[in-house]
Amino acid sequence: MLFIEPIPAFRDNYIWVARNNQYAAAIDPGDASAVLDYLDGEKLELIAIFNTHHHSDHVDGNLELQTRFSCPIYGPENESIPGKTHSLAEGSRVDLPELGLKLDVFDIPGHTSGHIAYHGNDMLFCGDTLFGCGCGRVFEGTMAEMFASLERLSGLPEATLVYCAHEYTLCNIRFALDVEPDNPELAARQAGATRLRNKDMPTLPSTIGLERKTNPFLRCAIPAVAAMAAKHAMAKLDSPLDVFTALRIWRNTF
Ligand code: ZN
Ligand code: FE
């Protein structure tokens, strides 16, 4: 039976492991030792590594894990990924019969220009693009690219489980409450996420449905969100993209 487990790494990364009782695949293994401890403890064989983008906190464990398990490394075709054996882009599909896992690849540029997401089995591995109640910084791509990438993910079925690569949810909710102080779903989400973090448990996975109800970056067309973004930017914002851009700039200094 396929299930997903988080391996916490560094300060706030999650390395997600898709596994059954025999095999495992690691998504964005930035830290080899954390993954090796987990695999050895659970007596699992690593059969694949998936990378969403090239940042070191996502790929630095690749080579050590590949040396030990000789596993394929899947990553974006347009980024330099240590040990990459399979280049993926929009429309690629990866089938792992050992795990019963079938993943479709989306190009979601913005955080980096080659960033990809993996979607399948009603799950989304979205790296540093979509976070719990927030989104990644726009480092390499454009605001328009990031906005389009988030809209794309937002259009997935509401029940889709969202596996983000960082635990940023509580801080993101505080920002979201500045944007939408009267959103009752946000207050409820803050209470739930606070309970989880107090027990040192992940707030993830989230769902697309919950993100659509609470994540300001997916709510740029909502009048209350647009009004607050305009007020903070002290500018007239003519489109959801303008609203997104204003929110992302605001969040950078929050
Ligand atoms: Zn990153
Ligand atoms: Fe990261």
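Above this text is the structure in question.
Structural notes, computed from the coordinates. (Residues numbered from 1 in each chain as written. Chains lettered and ligands numbered in written order. Predicted model: local features only at pLDDT ≥ 70, side-chain atom pairs only at ≥ 80, totals over all residues. Heavy atoms only, no water.)

1. A few points about the coordination of the zinc ion (ligand 1)
The zinc ion (ligand 1) binds to the protein through His53 (NE2), His55 (ND1), His111 (NE2) and Asp128 (OD); the donor distances cover 2.2 to 2.3 Å. Metal-centred angles of 86 to 172° between the four donor atoms at the zinc ion (ligand 1) mark the site as irregular. Positions of the donor residues of the zinc ion (ligand 1) along the chain correspond to the pattern H-x1-H-x55-H-x16-D. The metal-metal distance between the zinc ion (ligand 1) and the iron ion (ligand 2) comes to 3.2 Å, with Asp128 coordinating both. Of the two residues, His111 is situated in the loop between β8 (101–107) and β9 (116–120) and Asp128 in the loop between β10 (123–127) and β11 (130–131); the sequence distance between them amounts to 17 residues. (Donors = N, O, S within 2.8 Å, 3.2 Å for Na, K, Ca; no water. Tetrahedral: all angles 85-135°; square planar, octahedral: opposite > 155°, others 65-115°. Helix = DSSP H or I, 4+ residues; strand = E, 2+ residues; numbered from the N terminus.)

2. What to know about the environment of Leu237
Mapped onto the elements, Leu237 comes out in the loop between α8 (223–233) and α9 (240–252). Here the alpha-carbon distance between Leu237 and Ala226, two residues 11 residues apart in the chain, equals 7.4 Å. The contact partners of Leu237, leaving out residues within four places of it in the chain, are Ala226, Ala229, Ala230, Asp242, Val243 and Ala246. (Contact = heavy atoms within 4.5 Å.)

3. Description of the coordination of the iron ion (ligand 2)
Coordination of the iron ion (ligand 2) by the protein comes from Asp57 (OD), His58 (NE2), Asp128 (OD) and His166 (NE2), over a distance range of 2.1 to 2.4 Å. One way to put it: the four donor atoms around the iron ion (ligand 2) meet at angles of 84 to 169°, and that makes the site irregular. Mapped onto the sequence, the residues coordinating the iron ion (ligand 2) show the spacing D-H-x69-D-x37-H. According to the relative accessible area criterion, Asp128 is buried, its value standing at 4%. (Buried < 20%, exposed > 50% of the residue type's maximum accessible area, 1.4 Å probe, protein only.)

4. Regarding the side chain of Ser149
Looking at the element boundaries, Ser149 is found in helix α4 (residues 143–154). The class for Ser149 is buried, based on a relative accessible area of 3%. A polar contact is formed between the side chain of Ser149 and the backbone oxygen of Pro109, at a distance of 2.7 Å. For Ser149, the contacting residues outside a window of four places in its chain are Ile108, Pro109 and Thr129. (Polar contact = N/O pair within 3.5 Å; in protein donor to acceptor, adjacent residues only side chain to side chain.)

5. Quick look at the packing of aromatic side chains
One pass over the structure, following the stated rule, counts 11 aromatic pairs. Between Tyr14 and Trp16, the ring centres sit 5.3 Å apart and the planes meet at 45°, which makes this aromatic pair tilted. With respect to burial, Tyr14 and Trp16 carry one shared label: buried. Pairing Phe217 with Phe244 gives two aromatic rings, centres 5.8 Å apart and planes at 70°, and the pair type is edge-to-face. Here the residue Phe217 occupies a position in the loop between α7 (208–214) and α8, and Phe244 occupies one in helix α9, the gap between them amounting to 27 residues. Judged by relative accessible area, which is 1%, Phe217 ranks as buried. Given a relative accessible area of 0%, Phe244 falls into the buried group. Within the aromatic cluster, the residues linked to one another by ring pairs are Phe147, Phe175, Phe217, Phe244, Trp250 and Phe254. Here the guanidinium or amino end of Arg152 rests over the ring plane of Phe106, the centre of that ring lying 4.0 Å away. The ring of Phe175 is capped by Arg251, whose NZ or CZ atom sits 5.8 Å from the centre of that ring. (Phe/Tyr/Trp six-rings, centres within 6.5 Å; stacked < 30°, edge-to-face > 60°. Lys NZ or Arg CZ within 6 Å of the ring centre and 35° of its normal.)

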